[in-house]
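Breakdown of the fold
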Amino acid sequence: MKLRHLGWIALALAVGWVLAEGGRYLWVTVDPETQELGLSDGTPLPASLEGRVVPGQFVEVENGRYKIQKVWRPPLDIEKTFTPEGASRVVFSHERHFAALGAKGAACETCHTTLDEAVSWPSLAPDPALEPHGETSQGRFCSSCHDGVQTTLDVTAEIEGARPPVDATLFSAFGREGDESCSSCHAPRDHGADYVPWHGERAEDGRAAANCTSCHRGADRITNAEMTQAQAFYHDQMTLLRDPENEQAFNTTLPNSFCAYCHGLDLKAWRGD
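In short, a report on the structure. (Residues numbered from 1 in each chain as written. Predicted model: local features only at pLDDT ≥ 70, side-chain atom pairs only at ≥ 80, totals over all residues. Heavy atoms only, no water.)

**Observations regarding the overall build of the chain**
Scanning the chain from N- to C-terminus turns up nine helices and six strands. Going through the 273 residues of the chain one by one, you find that 33% of them count as buried. Sequence-distant contacts, at least 24 apart, represent 53% of the contacts inside the chain between residues at least 6 apart. Working note: accessible area of the chain is about 17,000 Å², and carbon and sulfur atoms make up 55% of it. (Helix = DSSP H or I, 4+ residues; strand = E, 2+ residues; numbered from the N terminus. Buried < 20%, exposed > 50% of the residue type's maximum accessible area, 1.4 Å probe, protein only. Contact = heavy atoms within 4.5 Å. Areas by Shrake-Rupley, 256 points an atom, 1.4 Å probe, with all protein chains shown as cover.)

Below is the structure:
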């Protein structure tokens, strides 16, 4: 009897845990070799989503059900998350840097030739008091470009084939602890791993600043040409999934702070409705 009761209790706890699940966001992944879709937690694509989602699209998991979201992330992006001691996390997006540089391919060597061989870097800060990163922090490596002085054209001058979509000054990696510039890389401490897909809902209901430009630099300067470029970016990301060797699609770029980078499926957001 006791074992039976324990079994029922265990089953009830398991069911309760599943039902309690909610607010978790995943995105649709794709296997470049087999073209099979799945979810970012490593599970196969549920049958209920087949034919209704595209690679990179977010879905919300709540009480065992899937709710399709309009927000999207480039499915071929390679992200690396850093969790430095004493500071909030930094998520490095290769795709965003390719977009800012206006090049791929040769652009990889620009960073990795130095980054992969070194374990520490000298400070480039104009004043020691403005160096927030330790000797072995890759933040010092980032400041070789992010010094608040160089522009996208400056840092791409020797990169073959680079076509920066905008000539903009790169934000600075220097500053004192707590300076506003820190938030250019370090996520606010209340921004959890699921923050990106649901932050729009938070902004719309008044729990966060409704002004997109408070975080998305350049969102107030979008042109029709940039809109067309963003649409081409989405199209070519899909092309790459079918043909990874497509050179034209591989080198498609867009402005690095452009709304449609994430809102590629939200046509209302594109039109500003």
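Next comes the rest of the account.
**Structural notes on the nonpolar core**
Residues Trp 72, Ala 230, Phe 233, Met 238, Leu 254, Phe 258 and Tyr 261 are the most contacted members of the largest nonpolar core, which totals 13 residues. For this core, the element with the most residues is helix 7 (residues 224-242), which contributes five residues. Apart from the residues lying within four places of it in its own chain, the contact partners of Leu 254 are Ala 99, Pro 165, Gln 229, Ala 230, Phe 233 and Tyr 261. (Core = buried A, V, L, I, M, F, W, Y, C linked by side-chain atoms within 4.5 Å.)

**A short note on the environment of Gly 264**
Along the chain, the position of Gly 264 falls in the loop between helix 8 (247-250) and helix 9 (267-271). On the accessibility criterion, Gly 264 (8% relative accessible area) is buried. When the C-alpha positions of Gly 264 and Tyr 234 are compared, they lie 6.8 Å apart, and in sequence the two are 30 residues distant.

**Description of the sheet that holds strand 1 (residues 24-30)**
Pairing in this open sheet of four strands is antiparallel, and the strands run 2-1-3-4 from one edge to the other. Among the strands making up the open sheet, the edge pair consists of strand 2 (37-39) and strand 4 (65-72). For this sheet the average axis-to-axis angle between neighbouring strands, irrespective of direction, equals 30 degrees. (Pairing = 2+ DSSP bridges. Axes fitted to C-alpha atoms, helices over the stretch in contact; angles between N-to-C directions.)

**What to know about the pattern of salt bridges**
Within this structure, the stated rule accounts for three salt bridges. The salt bridge partner of Arg 73 is Glu 79, with a shortest N-O separation of 3.5 Å. Glu 79 gets classed as partly exposed once you look at its relative accessible area, which sits at 39%. The salt bridge partner of Arg 140 is Glu 131, with a shortest N-O separation of 4.0 Å. An identical accessibility class is assigned to Arg 140 and Glu 131; each is buried. (Salt bridge = Lys/Arg side-chain N within 4 Å of Asp/Glu carboxyl O.)

**A few points about the packing of aromatic side chains**
Scanning the entire structure with this criterion turns up four aromatic pairs. Relative to Phe 233, the ring of Trp 72 has its centre 6.3 Å away and its plane inclined at 80 degrees; by these criteria the two rings are edge-to-face. In this pair, Trp 72 sits in strand 4 while Phe 233 sits in helix 7, placing the two residues 161 residues apart along the sequence. Considered together, Trp 72 and Phe 233 belong to a single accessibility category, that of buried residues. Between Trp 72 and Tyr 234, the aromatic rings sit 4.7 Å apart at their centres with planes inclined by 65 degrees, giving edge-to-face as the arrangement. Highlighted residues: Trp 72 in strand 4 and Tyr 234 in helix 7, separated in sequence by 162 residues. An identical accessibility class is assigned to Trp 72 and Tyr 234; each is buried. Through successive ring pairs, a cluster of aromatic residues spans Trp 72, Phe 233 and Tyr 234. (Phe/Tyr/Trp six-rings, centres within 6.5 Å; stacked < 30°, edge-to-face > 60°.)

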